[in-house]
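Working through the structure, step by step
If you want the building blocks of each chain, they are given just below.
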Amino acid sequence: MAQKPLRFFFALFCGKITIKLLTLMKKNATNFPGSVMLSLCPDFLKYLEKPEKIIAVTGTNGKTTVSNMLLDILTDNGYDCTNNNFGGNVDTGITTALVKDSTLTGKARKKFCTLEIDERSALRIYPYIHPDFLICTNLTRDSYKRNAHVEYIFNILDSNIPDSTHLILNSDDLISSSLKKNNKRTYFGMKQFSGEETINNIIKDITVCPKCNSPLEYDFLRYNHIGRAKCSSCDFASPVPDFNTCERTFNPDGRADIMIKTPDGEEHYNVPCENIINLYNATAVITALRTWGLTEKQLQDSFKKIKVVRSRFSVYEKNGRVLKSILAKGQNPVAVSHACNTARNTPDSAVILIFDDLYDNKNSSENTAWIHDVDFEFLNCDNIKQIVVAGIRSQDYLVRLLMAGIPRDKIKITDDEAKAGEILDLDGIKNIYLLFDIFATNYRNIIENTLKERMEHEN
């Protein structure tokens, strides 16, 4: 490691003091202490000692879920890990996380580390932090303001991921599976399950072969461009997964029983997941930790202790009705489309949508164009009897739903998110889907409480 300059020690001292003060004030010491340290010493991470073994997670969707599972399982198996699971997945938050577990001279206190890393922060992090393993969950279209151009994000990662890093890649994603072609890699994927339909959604971030520009032919398509494909003209194709989930049964408790074909044979797990995206997340975690060196038995025992994160998915049943609350990443048309696809699969259903994201208006201009990339067409089906759209942009959503061919008499709108649970007509409705983004959590709680009270007292 390079000799540490005086500015590094000054920044480290200021960072430690800032973390301590914020902790005493009962504030989350996440990004701000890191901002202080990097302002005083821009190459601070170059001189800060790192843990001996680092496993990191990046990608458009699933980073937080995967990093939480990684930390839970490693901790359960006796690994004491530095981590940034408290939040802050950019350079400032990661700097804070590492400093919290460092000495006054910048030496790492722990041997192991799990990190969630934002894709666009790659050029500020990977020059200084070299993960031993890096999971890339997927690369798909994201917020228009940040990550809408998938090739741009791919190039950032491809140019900055260290050559020494062992990649854990999604074989069903033709974009992320092509990262750093000379790096050591292990692929995870999922075969097409019995009865699983191919979904022809609006957005496909890759439609032609990157080698010869011929059209791609898909064996099956799960969402966006995630599936198994090959070029119609050359030998380009989805890589063969080393860890392939071949069987799955979703259970009412929000968990799933799965069978994975691995290099060591068939392995069976009970994992916390209620949909296809989280099934990919669980498969990624199993692939990474089996490659890390944990045994099938260790993973089986640890997965049993991991509970479904109710802040992201919850189920409430009463008097023959079921209320499911599902978090989808706001301003992300792929995530919201997947949530809509989930909602259309049960009969006698109603859907409540709260995706305004007006919080983003504080420091920037609002962009609602993303809602035209969402597959609201999934909600145009006989199973969906009623749709409630709440928020100041409810009229915009009304127009988009009408463009999707949904009859006007199925749609109710209100400017007040808190009233969404009141205007829903429960007559003939057995399944209610509340689809929300992370910044609508308060309204989610209000709507849930309203509906639970109505479900308890009606009939």
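Refer to the structure above for everything that follows.
The notes below deal with the structure included here. Here the structure is a predicted model, which is why all the values come from computation and not from measurement. (Residues numbered from 1 in each chain as written. Predicted model: local features only at pLDDT ≥ 70, side-chain atom pairs only at ≥ 80, totals over all residues. Heavy atoms only, no water.)

**Comments concerning the overall build of the protein chain**
To be explicit about the condition: Starting at the N terminus, helices and strands are each numbered in turn, a helix being any DSSP run of H or I of at least four residues and a strand any DSSP run of E of at least two. Values of the radius of gyration come from C-alpha atoms, whereas the globule rule sets the reference at 2.2 Å times the count of residues to the power 0.38. Only protein chains enter the accessibility calculation, which uses a 1.4 Å probe; a residue whose area is less than 20% of its type maximum is buried, one above 50% is exposed, and one in between is partly exposed. Any two residues whose heavy atoms approach within 4.5 Å are treated as being in contact. Method for areas: the Shrake-Rupley scheme with a 1.4 Å probe, in which residue coverage is limited to the protein chains shown. Working convention for charge: Lys and Arg count positive, Asp and Glu count negative, and His plus the chain ends are omitted. Note on charges: their place is set at NZ of Lys, CZ of Arg, CG of Asp or CD of Glu.
Scanning the protein chain from terminus to terminus reveals 13 helices and 17 strands. Relative to its length of 459 residues, the protein chain is compact, with a C-alpha radius of gyration of 23 Å against a globular reference of 23 Å. Each principal axis of the C-alpha atoms in the protein chain carries an extent, and together these give about 70 × 55 × 45 Å. Each of the 459 residues in the protein chain was classed as buried or not, and the buried ones make up 57%. Considering only contacts within the protein chain whose residues lie at least 6 apart along the sequence, 70% involve residues at least 24 apart. For the protein chain, the computed accessible surface area is about 19800 Å², with 49% contributed by carbon and sulfur atoms. Separation between the mean location of the 57 positive side-chain charges and that of the 57 negative ones in the protein chain comes to 5 Å.

**Thoughts on a nonpolar patch on the surface**
As a reminder of what qualifies: Here a patch means residues that are over 30% exposed by relative accessible area and free of salt bridges, tied together within 9 Å if like-charged and within 5 Å if nonpolar (Val, Leu, Ile, Met, Phe, Trp, Tyr). Salt bridge, as used here, is a side-chain nitrogen of Lys or Arg placed within 4 Å of a carboxyl oxygen of Asp or Glu.
Together, F13, I17, L21 and L24 make up an exposed nonpolar region whose accessible area comes to about 420 Å². For L24, the position within the fold is in helix α1 (residues 6–24).

**What about the side chain of R255?**
We apply this condition: Think of a polar contact as two N or O atoms within 3.5 Å of one another; within protein, one of them needs to be a possible hydrogen donor and the other a possible acceptor, and neighboring residues in sequence only count if both atoms come from side chains.
Here R255 lies in the loop between β9 (243–250) and β10 (256–262). Here N270 takes part through its side chain, which lies 2.5 Å from a polar atom of the side chain of R255.

**With respect to the packing of aromatic side chains**
Test applied: Aromatic rings from Phe, Tyr and Trp, taking only the six-membered ring of Trp, are treated as a pair when their centres fall within 6.5 Å; an angle between ring planes under 30 degrees marks them as stacked, one over 60 as edge-to-face, and anything in between as tilted. We call a charge positioned over a ring when the NZ of a Lys or the CZ of an Arg lies within 6 Å of the ring centre and within 35 degrees of the ring normal.
Applying the stated rule across the entire model yields nine aromatic pairs. Centroid distance F8 to F9: 5.3 Å. Interplanar angle 75°. Geometry classified as edge-to-face. F8 gets classed as buried once you look at its relative accessible area, which sits at 0%. Aromatic side chains Y79 and F112 sit 4.9 Å apart centroid to centroid with 85° between the ring planes, which places their arrangement in the edge-to-face category. Of the two residues, Y79 sits in the loop between α4 (63–76) and β2 (81–83) while F112 sits in strand β3 (residues 112–116), which places them 33 residues apart along the sequence. On the accessibility criterion, F112 (22% relative accessible area) is partly exposed. Sitting above the plane of the W292 ring, K53 keeps its charged end 4.7 Å from the centroid. Above the plane of the ring of Y316 lies K452, whose end atom (NZ or CZ) is 5.2 Å from the centre.

**Here we look at the nonpolar core**
Rule in force here: By convention a nonpolar core is built from buried Ala, Val, Leu, Ile, Met, Phe, Trp, Tyr and Cys residues, the set being connected through side-chain atoms within 4.5 Å.
Counting residues in hydrophobic clusters, the biggest one holds 46 residues, and the most contacted among them are F44, L115, Y126, I129, L139, L157 and L179. Those residues within four positions of L139 in sequence are excluded, and the remaining contacts are G59, T60, E119, V150, I153, F154, L157, D173, I175, S176, L179 and H225. Judged by nonpolar contacts, the second largest core, of 40 residues, contains L70, C273, I277 and A284.

**Quick notes on the pattern of salt bridges**
Applying the stated rule across the entire model yields 21 salt bridges. With a closest N to O distance of 2.7 Å, K211 and D235 form a salt bridge. Of the two residues, K211 is situated in the loop between β6 (185–190) and β7 (216–223) and D235 in the loop between β8 (226–231) and β9; the sequence distance between them amounts to 24 residues. One salt bridge in this structure joins R290 and D264, with 3.0 Å as the shortest N-O distance. Taken as a pair, R290 in helix α8 (residues 276–292) and D264 in the loop between β10 and β11 (265–271) lie far apart in primary sequence, 26 residues in all. Accessibility expressed as a relative area gives 64% for D264, which makes it exposed. What you see here is one network of salt bridges that share partners, running through D172, E196, R222 and R228.

**Here's the deal with helix α2 (residues 31–40)**
Among the residues of α2, P33, G34, V36, M37 and L38 are the ones counted as buried. Close packing links the buried residues of α2 with α1, α3 (44–47) and α5 (91–100).

**As for unusual backbone geometry**
Here N319, not a glycine, exhibits a phi torsion of approximately 50°, which is positive. Looking at the secondary structure, you find N319 in the loop between β12 (313–318) and β13 (321–327). A relative accessible area of 40% means that N319 is categorised as partly exposed. Backbone geometry places D348, a non-glycine residue, at a positive phi of 55°. Take D348: it is sitting in the loop between α10 (333–343) and β14 (349–354). On the basis of relative accessible area, D348 is assigned to the partly exposed category, the value being 24%.

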